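# Descriptive structure summary
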Amino acid sequence: MPQASKTTIFETRLGFYLAAIGSAFGLGNLWRFPYVVAQNGGGAFVLLYLFMVLLVGVPFLIGELMLGKISRSSLVPALHKLAGERYQVRDVRESEVKPAPWLRWLLKNAGTLGLVTTMVVLAYYAVISGWVLHFLMQLLVSLFNPERFHADGALKVLLDNGWLQLLLTSVHLLLVAIIVANDLEFGLEKWVGYCMPVFVILMIALAFKSLSLESASEAMQFLFYPDFSKLTLKSPGQAIGHVFFTLSVGFGSMVTFGSYLREKMYLPMAGFRVCTLDSAISLWAGVMIFPLVVYGNSDFGGPQLLFQTVPKLVSVMPGGHWFGVGFFLCLYLASLGASIGLFENVVANWREMRRVPRQRGASMVALIVFLLAVGPALSSSVLSGVRVGGRGLLEFLDEALINWCLPITALVVSQVVAWLLKTELMAAEFNDRESAGSERLYKNWIFSLRYVTGPIVVIALLLQLIAQF
Ligand code: PFF
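Residues numbered from 1 in each chain as written. Predicted model: local features only at pLDDT ≥ 70, side-chain atom pairs only at ≥ 80, totals over all residues. Heavy atoms only, no water.

## As for the overall build of the chain
Broken down by element type, the chain carries 19 helices and 0 strands. Taken against the 2.2 N^0.38 rule, which gives 23 Å for 469 residues, the C-alpha radius of gyration of the chain at 22 Å falls within 12% of a compact globule. Along the first, second and third principal axes, the C-alpha set of the chain runs to 70 × 50 × 45 Å. A burial count over the chain gives 60% of its 469 residues as buried. Within the chain, contacts between residues at least 6 apart in sequence are counted, and of these 82% link residues at least 24 apart. Accessible surface, the chain as shown: approximately 18600 Å² in total, 66% of it carbon and sulfur. Mean positive and mean negative side-chain charge positions of the chain (34 and 28 charges, respectively) differ by 6 Å. (Helix = DSSP H or I, 4+ residues; strand = E, 2+ residues; numbered from the N terminus. Rg over C-alpha atoms; globule rule 2.2 N^0.38 Å. Buried < 20%, exposed > 50% of the residue type's maximum accessible area, 1.4 Å probe, protein only. Contact = heavy atoms within 4.5 Å. Areas by Shrake-Rupley, 256 points an atom, 1.4 Å probe, with all protein chains shown as cover. Lys, Arg positive; Asp, Glu negative; His and termini not counted. Charge placed at Lys NZ, Arg CZ, Asp CG, Glu CD.)

See below:
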């Protein structure tokens, strides 16, 4: 009974936090953050990233939650409501006048772009989740037969064998589809949230081991010492893209989560907490991984970075294989929670727009995403000859979607919230706390959405565009 669960899901604050963090925390923190930092020269990019989290990520995240909570809908139907094209229980639009045709076109297409982005991201996310499954299984076997595990060999087997990647991708997608089709996702996302403390303990242990390597000081200097000459015209766009990816902004998932929220929930605090926790985990992942990158002289950057480094670390530390199993198990759970968030987002939108039954919606989405995953899964083997702009298919998709599509959707959604959503309803969400600061906070938030964050995203996109030529 999806409708019933919808109203009861986030009855407790903890339930919401666990699910939102379960969705935000994923491969973005451990797999993508280190390699994007490596590609962008280290410390200066980390600073830029943190700056963007606070300046752009927090207000955008609050905006998406707000849109969902106020309109009580997922992204696409919410944007249709604002376009004045859908029945609404209460009026969520600031103006009574129906928006101009160009604006209605924009509202409808931004939602569609968000959903297409979600499906393609889910496709290659499932491929990388398959890599995690592969390492988990290899390390499990190594508990009984330690000699058999070779970190480099395990990665090579995977990269050379596209069909194995496709098989692992299908297993992952099937699992996600079964969970969503049976409406079990919120229970599971909460479990991901509960597993987080265990994961944090494992990451602390691995980071200490990593910090004991002689390469640690050079690595920490790389990670935290800002050398601004290393930044390029593309860096602001890459920082913003990654902020959105890691916070699950620009997909519509936070809008869906917002629509599941119960009445009493202080959105600014919720948004701020999710952002800070998520960034802290990413930084810690950097601390854990960079000493190994420097130690092993690994190729800087590239989607394989995490898989080149962590397996090496666990094969040299005492009892490392157990750590390895724990690490990849938690990482798999994290990627499962995030994949469920992505999948649920598509199904929720589809169901609300077309009234498709949950199970049928889930099967259709699984099929489409599987087809979309074939290219990225084969990109390091059968399709290794296919290069777009000098990159393999998986890397190209990652770059195009995260650095372009996500910021564009997020930008449109933020401006919709800032200009079209009823101010009275938004202010009420901020004034929930009856403190003198709440009203000021609301004014600052809306000001920053309207006049600060929007232009920052536009400038970052323009710089990125110039860098293409
Ligand atoms: N934020 C997730 C990560 O960092 O891996 C990715 C993600 C999950 C994006 C769920 C969107 C989403 F709905």
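Here the narrative resumes, following the displayed structure.
## Quick look at the site of the ligand
As a matter of local geometry, the ligand sits amid 15 residues, with A24, G28, Y125, F245 and S253 nearest to it. Within the side chain of Y125, a nitrogen or oxygen atom sits 2.5 Å from an oxygen atom of the ligand. Burial of the ligand by the protein chains amounts to 100% of its free accessible area of 340 Å². Of all the secondary structure elements, the ones that give two or more residues to the shell around the ligand are α2 (13-24), α3 (27-39), α11 (235-247) and α15 (320-354). (Near = heavy atom within 4 Å. Polar contact = N/O pair within 3.5 Å; in protein donor to acceptor, adjacent residues only side chain to side chain.)

## A word on the pattern of salt bridges
Counted according to the given criterion, the structure contains 9 salt bridges. One salt bridge connects E344 with R358, and the closest N-O pair in it is separated by 3.4 Å. Here E344 is found in helix α15, whereas its partner R358 is found in helix α16 (residues 358-378), with 14 residues between them in sequence. Of the two residues, E344 and R358, neither departs from the other in class, the shared state being buried. Measuring nitrogen to oxygen at the nearest pair gives 3.4 Å for the salt bridge that ties E439 to K443. Taken together, the residues span about one helical turn, with E439 and K443 both in helix α19 (residues 436-467) at a distance of 4 residues. Salt bridges sharing common partners tie together K234, R391 and E399. (Salt bridge = Lys/Arg side-chain N within 4 Å of Asp/Glu carboxyl O.)

## Some thoughts on the packing of aromatic side chains
What characterises a pair of aromatic rings is the spacing of the ring centres plus the angle enclosed by the ring planes. Under the defined criterion, the tally for this structure stands at 16 aromatic pairs. Look at Y442 and W445: their rings are 6.1 Å apart centre to centre, the planes differ by 45°, and that puts the pair in the tilted class. Note that Y442 and W445 are positioned in helix α19 at a spacing of 3 residues, about one turn of the helix. A network of ring pairs unites the aromatic residues W131, F135, F307, F327 and F328 as a single cluster. In this structure, R32 is placed above the aromatic ring of F245, and the distance from its NZ or CZ to the ring centre is 5.7 Å. Stacked on the ring of W419, the Lys or Arg R450 has its end atom at 4.4 Å from the ring centre. (Phe/Tyr/Trp six-rings, centres within 6.5 Å; stacked < 30°, edge-to-face > 60°. Lys NZ or Arg CZ within 6 Å of the ring centre and 35° of its normal.)

## Digging into the environment of N182
Mapped onto the fold, N182 is located in the loop between α8 (162-181) and α9 (185-211). It is 7.2 Å that separates the C-alpha atoms of N182 and Q359, two residues lying 177 residues apart in sequence. A distance of 2.8 Å separates a polar side-chain atom of N182 from the backbone oxygen of I178.

## Quick look at unusual backbone geometry
For R72, which is not glycine, the phi torsion reads 50° and is therefore positive. Within the secondary structure, R72 sits in the loop between α4 (43-71) and α5 (75-82). Residue class for R72 comes out partly exposed when judged on its relative accessible area of 43%.

## Here we look at the confidence of the model for the chain
Across the chain, the average pLDDT comes to 86, with 92% of residues at 70 or higher. Predicted confidence in the chain is weakest over helix α1 (residues 2-8), with a mean pLDDT of 40, and strongest over α11, with 96. In the predicted structure, residues 1-8 sits below a pLDDT of 50 and forms 9 contacts with residues beyond four places in sequence or in another chain. (pLDDT = per-residue confidence, 0-100.)

## Observations concerning a nonpolar patch on the surface
Side chains of V458, L462, L465 and F469 sit close together on the surface and give an oily, nonpolar patch of about 440 Å² of accessible area. Looking at the secondary structure, you find L465 in helix α19. On the accessibility criterion, L465 (39% relative accessible area) is partly exposed. (Patch = residues over 30% accessible without salt bridge, like charges linked within 9 Å, V, L, I, M, F, W, Y side chains within 5 Å.)

## Description of the packing of α3 against α11
Between two packed helices, what matters for the description is the angle formed by their axes and the separation of those axes. Packing of α3 against α11 leaves a shortest axis separation of 11 Å and a crossing angle of 175°. When the axes of α3 and α11 are compared, the pair comes out roughly antiparallel. Between α3 and α11, the contacting residues are G28, N29, R32, F33 and V36 on the first element and Q238, H242, F245 and T246 on the second. By residue class, the composition of the contact of α3 with α11 is 3 nonpolar, 5 polar and 1 charged. (Axes fitted to C-alpha atoms, helices over the stretch in contact; angles between N-to-C directions. Parallel < 35°, antiparallel > 145°, perpendicular 65-115°, else oblique. Nonpolar A, V, L, I, M, F, W, Y, C, P; charged D, E, K, R; others polar.)

## Considering the nonpolar core
Counting residues in hydrophobic clusters, the biggest one holds 160 residues, and the most contacted among them are L67, F244, F307, F327, F328, F343 and W445. The contacts of L67, once residues within four sequence positions are left out, are R72, L75, A78, L79, L82, V255, V413, V417 and L421. (Core = buried A, V, L, I, M, F, W, Y, C linked by side-chain atoms within 4.5 Å.)

## Overview of the packing of helix α7 (residues 151-160) against α8
Contact geometry for α7 and α8: axes closest at 5 Å, N-to-C directions at 90°. On the basis of the axis angle, α7 is roughly perpendicular to α8. For the pair α7 and α8, contact is made by V157, L158, L159 and D160 and by G162, L164, Q165 and L168, respectively. Class assignment of the residues belonging to the contact of α7 with α8 gives a composition of 5 nonpolar, 2 polar and 1 charged.

## Points about the side chain of S279
On the secondary structure map, S279 appears in helix α13 (residues 267-295). On the basis of relative accessibility, which here comes to 7%, the residue S279 falls in the buried class. Non-local contacts of S279, meaning those with residues more than four positions away in its chain, are made with Y49, L50 and V53.

## Describing α16
Over its 21 residues, α16 runs 30 Å from end to end, which matches the ideal 30 Å to within 8%, given 1.5 Å per residue. Where α16 bends most, at L372, the angle is about 30°, and the proline P376 comes one to four residues later. Looking only at α16, the buried set comprises R358, G361, A362, V365, A366, V369, A373, G375, P376, A377 and L378. (Expected span 1.5 Å × (residues − 1). Bend = angle between axes of the 7 residues up to and from the residue.)

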